[in-house]
Amino acid sequence: MNLSRPDRPQRLDLLAAQYALGTLPARARMRLARMAQTDTVVAGAIRSWEQRLSPLAEGGPPITPSPRLWKVIALRLGLEPVRAAAPAPWWNRVALWRGLALAGFVAAFALGITLLAPTPQGPEQAIVAVLAGQDAKPALIASIGRADRILTVKAVDAAVVPPDKVLQLWMLPNGQPPRSLGVLPRGAVARITLPNVPEIAFANVPALAVSLEAAGGSTTGAPQGPVLYSGKLERMY
Amino acid sequence: MAVAPPAEKSLRLATLLSRIALGDQAAFGEFYEKTSSHLYGVALRILRDPSAAEEILQEAYVNVWHHAGSYEAAKSQPLTWLTTIVRNRCLDQLRRRELDTVTLSNDDDDDAPAYDPPSDAPSPATMLMAGAEARSVRDCVDTLDAGPKQAIALAFYHGLSHSELALQLREPLGTVKSWVRRGLEKLKTCLDRAGYARSE
């Protein structure tokens, strides 16, 4: 398979065609695939043929795979094992806070940065999350300066918390269960100390949420009560 | 076969892919539902082994979950893109399997069993026509003579190699090879004229 000969284009085209069709014998197939990894001309010839033949693939009748296949995939990826059998945990219902993200972002501007707790760097160096409920109305605003360790949580329009209940603040890390940031002290402005500066503490955290818990907060390390508010962390720099 | 118009389906799949890229499990579930039986059919016809076919699909979907956002090619034709990947993985495995079991026998080995497609399955040539949904593709497939058409269909849908084709079609290897070559050339000329552009 010397592709450096003068008739290379024709030979390459035929090899690529047979590769895409599938008739190339094992060794020739592997060789051509290896060449395609470094040689863009070879890769391009294969791609053209794959595209040309691709409409044919629709002709084969579909065959439903065993339900076991989905279970194995879900297990491997750590997804909910059985789809639709039980509702996903609320923090997996990404629509919940992703849907709110834009509303929250818009709200942050609508409310004006003036609502933010003053930070040493000023608002342009802040990280903000507008936490809203199902109705998308901002309830709490969490903010912190980029180099700060204290997260300020301001009540804008939060529900009245019964005396035997508390609000608990959670980080929603990507692909992991929520992590508690602690119970919010009562009052119009609560301050929560982060384990680290936001750059590190929020490294893999796109959003925050607040749940309603029995006094003292969740005892399991995961939210036990209903999630009242959630919002995306917006980095204002 | 195709329920939704292809363009509409592609659009939906592309939307799902972009949501999968954000970690949306519901989107991933829907994507699986909409694509798995097509892909499984492709894989099973080639590998003829349910657990091997499932394994290929498993890898394919795990990759979709992890890399949904990074495939430019996937955006216009998600199912085409995924089908090509699955077909190639299956063919790699099939050919490697042959390499392991066959000690490079001469090509007219009469002892090798000919491939028997299940009797209730549509014939490969029928699939070829069904696949050629777009009119220009169907017209091009139609220009092929019976022999080349049959050879290309068996190779495309069932992963038959040249020597298997020769056995299956009861023709000398040389004849089958030239059928495949001529058939592919004819398809190329016709498809390229009809606007099935080159890559990108």
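Here the structure is a predicted model, which is why all the values come from computation and not from measurement.

A. Main features of helix α9 (residues 162–169) of chain B. Turning to α9(B), its buried residues number three or more, namely B:H162, B:L165, B:A166, B:Q168 and B:L169. Summarising the contacts, the buried residues of α9(B) are in contact with α1 (8–21) of chain A together with α8 (146–158) and α10 (173–193) of chain B. Positive phi shows up at B:R170, right after α9(B), with a value of about 50°.

B. The arrangement of the sheet that holds strand β4 (residues 165–172) of chain A in detail. All names here are of chain A. As summarised here, the arrangement of the 8 strands in space is β5-β4-β7-β8-β1-β2-β3-β6, forming an open sheet in which the pairing is antiparallel. Among the strands making up the open sheet, the edge pair consists of β5 (179–184) and β6 (189–193). Taken over all neighbouring pairs, the strand axes of this sheet differ in orientation by 25° on average, direction set aside.

C. Here's a closer look at the pattern of salt bridges. Residues and elements named next belong to chain B. Inspection of every chain in the model, using the stated rule, returns 10 salt bridges over all chains. A salt bridge links K149 to D142, with the nearest nitrogen and oxygen atoms 3.8 Å apart. Looking at K149, the relative accessible area reads 16%, which means it is buried. Accessibility expressed as a relative area gives 47% for D142, which makes it partly exposed. Each of R12, E30 and K34 takes part in one network of salt bridges that share partners.

D. The arrangement of the interface of chain A and chain B in detail. Contact residues are listed per partner, giving 49 residues for chain A and 64 residues for chain B. Between chain A and chain B, a total of about 5,100 Å² is buried, with carbon and sulfur atoms accounting for 63% of that surface. When the buried surface of chain A facing chain B is broken down by residue, A:L21, A:R52 and A:L56 rank first, second and third, together holding 14% of it. Seen at the junction of chain A and chain B, the total is 5 salt bridges. When contributions to the side of chain A that touches chain B are tallied by element, the ones reaching two or more residues are α1, α2 (26–38), α3 (40–53), α4 (67–77) and α5 (94–111) of chain A. Each residue belonging to the side of chain A that touches chain B can be placed in one class, and the counts come to 25 nonpolar, 12 polar and 12 charged.

E. Broad picture of the side chain of A:T23. Its location among the elements puts A:T23 in the loop between α1 and α2. Residue classification places A:T23 among the buried residues on the basis of a relative accessible area of 1%. Among the polar contacts made by the side chain of A:T23, one reaches the side chain of B:H162 at a distance of 3.4 Å. Aside from chain neighbours lying at most four places away, what touches A:T23 is A:Q18, B:R95, B:A155, B:L160, B:S161, B:H162, B:L165 and B:V180.

F. Up close: unusual backbone geometry. Residue and element names in this part refer to chain B. Residue R48 is not a glycine yet carries a positive backbone phi of 55°. By the element assignment, R48 lies in the loop between α2 (25–47) and α3 (50–67). The phi angle at R170 is positive, at roughly 50°, despite the residue not being glycine. Mapped onto the fold, R170 is located in the loop between α9 and α10.

G. The arrangement of the packing of α1(A) against α3(A) in detail. All names here are of chain A. Viewed as axis vectors pointing N to C, α1 and α3 meet at an angle of 50°, and their least axial separation amounts to 8 Å. For the element pair α1 / α3, the angle class is oblique. As for how α1 packs across α3, the hand of that crossing is right-handed. Contacts between α1 and α3 involve R8, L12, D13, A16, A17, Y19, A20 and L21 on the former and, on the latter, V41, V42, A45, I46, W49, E50 and L53. Each residue belonging to the contact of α1 with α3 can be placed in one class, and the counts come to 12 nonpolar, no polar and 3 charged.

H. Main features of α4(A). Among the residues making up α4(A), those that are buried are A:L69, A:W70, A:I73, A:A74 and A:L77. Here the buried residues of α4(A) occupy an arc of 130° about the axis, which is enough to place them on one side. Turned more than 90 degrees away from the buried face of α4(A), the exposed residues are A:P67 and A:L75. Among the structural elements, α2 and α3 of chain B are those in contact with the buried residues of α4(A). The N-capping residue of α4(A), defined by a side-chain oxygen 3.0 Å from the backbone nitrogen of A:R68, is A:S66. A:G78 sits one or two residues past α4(A) and shows a positive phi near 70°.

Calculation criteria
- Residues numbered from 1 in each chain as written.
- Chains lettered and ligands numbered in written order.
- Predicted model: local features only at pLDDT ≥ 70, side-chain atom pairs only at ≥ 80, totals over all residues.
- Heavy atoms only, no water.
- Buried < 20%, exposed > 50% of the residue type's maximum accessible area, 1.4 Å probe, protein only.
- Helix = DSSP H or I, 4+ residues; strand = E, 2+ residues; numbered from the N terminus.
- Contact = heavy atoms within 4.5 Å.
- Pairing = 2+ DSSP bridges.
- Axes fitted to C-alpha atoms, helices over the stretch in contact; angles between N-to-C directions.
- Salt bridge = Lys/Arg side-chain N within 4 Å of Asp/Glu carboxyl O.
- Buried area = accessible area lost by both parts, 1.4 Å probe.
- Nonpolar A, V, L, I, M, F, W, Y, C, P; charged D, E, K, R; others polar.
- Polar contact = N/O pair within 3.5 Å; in protein donor to acceptor, adjacent residues only side chain to side chain.
- Parallel < 35°, antiparallel > 145°, perpendicular 65-115°, else oblique.
- Left-handed = near helix turned anticlockwise from the far one by under 90°.
- Arc of directions from axis to C-beta.

Treat this as a map of the structure, not an account of what it does.
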